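Here are the chains, one letter per residue:
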Amino acid sequence: MQQSHVDLDDPRRIEFAYVRRIADVVDACGAPGEPVRVVHVGGGALTLPRYVAATRPRSAQVVLEPV
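Residues numbered from 1 in each chain as written. Predicted model: local features only at pLDDT ≥ 70, side-chain atom pairs only at ≥ 80, totals over all residues. Heavy atoms only, no water.

A. Looking closely at the environment of Val26. Take Val26: it is sitting in helix H1 (residues 17-28). Sequence separation between Val26 and Val36 is ten residues; the distance between their C-alpha atoms is 8.4 Å. If we ignore the near neighbours within four places in the chain, the residues touching Val26 are Val52 and Arg56. (Helix = DSSP H or I, 4+ residues; strand = E, 2+ residues; numbered from the N terminus. Contact = heavy atoms within 4.5 Å.)

Encoded structure:
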């Protein structure tokens, strides 16, 4: 079962509804386009880190990938 998707041409395009909801939370944090600090638990094909990089340049991000 697919759980994530990355559009390399447009990382702002989110395919899965559950990921879109998380992106909506990121969008609601602070002023649009302003950098944020994010810790991602699980990379999920880096869908959300790429989204944050595209929508909020200069954001500090850490991705933790549990083993």
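B. Geometry of a nonpolar patch on the surface. A contiguous nonpolar surface patch, about 370 Å² in accessible area, is contributed by Val39, Val41, Val62 and Leu64. Mapped onto the nonpolar patch, the elements with two or more residues apiece are strand S1 (37-41) and strand S2 (60-64). Mapped onto the fold, Val62 is located in strand S2. You can call Val62 partly exposed: its relative accessible area is 43%. (Patch = residues over 30% accessible without salt bridge, like charges linked within 9 Å, V, L, I, M, F, W, Y side chains within 5 Å. Areas by Shrake-Rupley, 256 points an atom, 1.4 Å probe, with all protein chains shown as cover. Salt bridge = Lys/Arg side-chain N within 4 Å of Asp/Glu carboxyl O. Buried < 20%, exposed > 50% of the residue type's maximum accessible area, 1.4 Å probe, protein only.)

C. Looking closely at the pairing of S1. The two faces of S1 differ: Val38 and His40 on one face are buried, but Arg37, Val39 and Val41 on the other face are not. Pairing analysis gives five bridges linking S1 to S2, with the strands arranged parallel. Bridged to His40 within S2 is Val63. In this fold, S1 hands off to helix H2 (residues 47-55), which returns the chain to S2; that crossover is right-handed. (Pairing = 2+ DSSP bridges. Right-handed = clockwise from strand over helix to strand, strands pointing away.)

D. Just the environment of Thr47, in detail. Mapped onto the fold, Thr47 is located in helix H2. Separated by 32 residues in sequence, Thr47 and Glu15 place their C-alpha atoms 9.7 Å apart. Setting aside residues up to four positions removed in sequence, Thr47 forms contacts with Ser4, His5, Val6, Ile14 and Val19.

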